[in-house]
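Each chain, written out:
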Amino acid sequence: MKTSTHHIAIWKWFTFIVILCSHSLWAQSTDIFRLEYLNIPENDSGVKTQRYKALLNFPIQLNDNKDYLVTGAEYNRFDMGYSADLPFDKKEMIRFHVIDFNLGLIKKWNEDWNFVAILTPRLASNLLNGVLQDDFFMNGSVAFWKEKPKADKPFRVVLGLTYNSTTGIPVPLPLIHYYKKFHPDWSFIAGVPKSNLKYHFDKKHSLELALFLDGYFLNLQNDIVLDNGLAASRISFNTLVGSLGYQYSISKSMSFFAIVGSSVYQEGKLRNKDRGEVYLFNNDANFYIRTGFKIGIF
C-alpha cells in the first residue's frame, strides 16, 4: 500500500466521521492512533470512573479512482467505584469493556464533496460470563464531506445521517458539523457531540474552551434485581462537560493533550431491556480530567 498525502486525507474523512457518529461513547476526534486516560473523581453520589482508550484506523486503496476501504478498531475499558450504599449488589458494575470494529467505504463524489459510509459493530458489556449475544450492538452512518483547508478562512462541513442502536431512538438521526478558522489565531467548531473555541499561540501550543457530550451504554450480563422487583439489564451514563484544554504539538500530526473540566449535567442509570429507567444512581456533578497522546489530522 502506498503512503501519500491522499492516504492522509482518507484517514481524515473516515476517522472523523466514525468518532463523530459514536452516540454511546460521546467523543469527537480525527485520529489514526490515540492513547487516552480519563479520570472522573468521586462526587456527592459516591461514584467515580476511570477510562482507558486505544484507537487505530487505516485505509486500503481499492482502485485508481481513489475509492478506499477503511478498517479500524477502538477499545475502551471503564473501571468504576461506588462508596454510597446502593440497594443491590454492585459487583455487576465494577468493570466494563467496549470494542468497536469500523468498516467504511470512501468515494470521491465530485470536486467538492466526498461520500462516506460506515458500519460499526460494537461489543459493550461487563463480560463476566464471556461474550453473549446481548453484548453486541450495531451502528451505521452515511455522510457527505466538504472541506476547503487552503482558503483564506479554512472551513469544513459534514452533513449526513447516523443510526445507533444504543440511543433508544429507532430512526436515523441528523449529523451536522461545521468548523471554521476565522482568524490566523482563532478557530471554532459548532456541532454535536462537541463545540469549541480554540486559540492557537503558535504551531506547537493551543488552548481550547469546549462543551461536549461523553458517556456510555452497556450490557449487564446478569440482571440486577431491586427490592421492588424491577430488573436492570443495561447501564447508561450521559454527561455534558464544560472544559479547558491544552495541546502541545510535537509535529503537525502528533501531539499530547490535557483537558480539565466539570460536568454541567449528568445522569447514570440502570435500565431494563427496553431501555426504560429502573434506578438513578448518579446525578451529581463531577470534575473531569482527560489526558493522552494522539496521531491525528487536525
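Residues numbered from 1 in each chain as written. Predicted model: local features only at pLDDT ≥ 70, side-chain atom pairs only at ≥ 80, totals over all residues. Heavy atoms only, no water.

An unreviewed UniProt entry lists the protein under the name DUF6268 domain-containing protein, from Allomuricauda ruestringensis.

Colleague: What is the right way to read the environment of W113 from this model?
Modeller: Structurally, W113 can be placed in strand β5 (residues 113-125). Taking the relative accessible area as the measure of exposure, W113 reaches 23% and is therefore partly exposed. When the C-alpha positions of W113 and E147 are compared, they lie 7.8 Å apart, and in sequence the two are 34 residues distant. (Helix = DSSP H or I, 4+ residues; strand = E, 2+ residues; numbered from the N terminus. Buried < 20%, exposed > 50% of the residue type's maximum accessible area, 1.4 Å probe, protein only.)

Colleague: Before we go on, may I ask you to explain the packing of aromatic side chains in this structure?
Modeller: The geometry of an aromatic ring pair is captured by the separation of the ring centres together with the interplanar angle, meaning the angle of the planes. Going through the model one piece at a time under the given rule, you end up with 16 aromatic pairs. Centroid distance F212 to Y288: 5.4 Å. Interplanar angle 70 degrees. Geometry classified as edge-to-face. One end of the pair, F212, is in strand β11 (residues 205-225); the other, Y288, is in strand β15 (residues 287-296), with 76 residues separating them in the sequence. You can call Y288 buried: its relative accessible area is 2%. Each residue in the set F33, F256 and F293 is aromatic and connected to the rest through ring pairs, giving one cluster. Residue placement shows K294 over the ring face of F257; its charged tip is 5.7 Å from the ring centre. (Phe/Tyr/Trp six-rings, centres within 6.5 Å; stacked < 30°, edge-to-face > 60°. Lys NZ or Arg CZ within 6 Å of the ring centre and 35° of its normal.)

Colleague: I tried to follow the nonpolar core on my own but got confused; where do I start?
Modeller: The nonpolar side chains of soluble globular proteins are, as a tendency, buried together. Counting 29 residues, the largest nonpolar core has Y82, M93, F96, I224, I235 and L270 as its most contacted members. Those elements that place two or more of their residues in this core are β1 (31-40), β3 (68-82), β4 (95-108), β11, β12 (231-249) and β14 (277-282). The element that contributes the greatest number of residues to this core is β11, accounting for 7 residues. Those residues in contact with F96 that sit more than four places away from it in its chain are N76, R77, F78, M80, S125, N126, L218, N219, L220 and I235. Within the second largest apolar cluster, 5 residues are counted, among which are Y68, I106, V116 and I118. (Core = buried A, V, L, I, M, F, W, Y, C linked by side-chain atoms within 4.5 Å. Contact = heavy atoms within 4.5 Å.)

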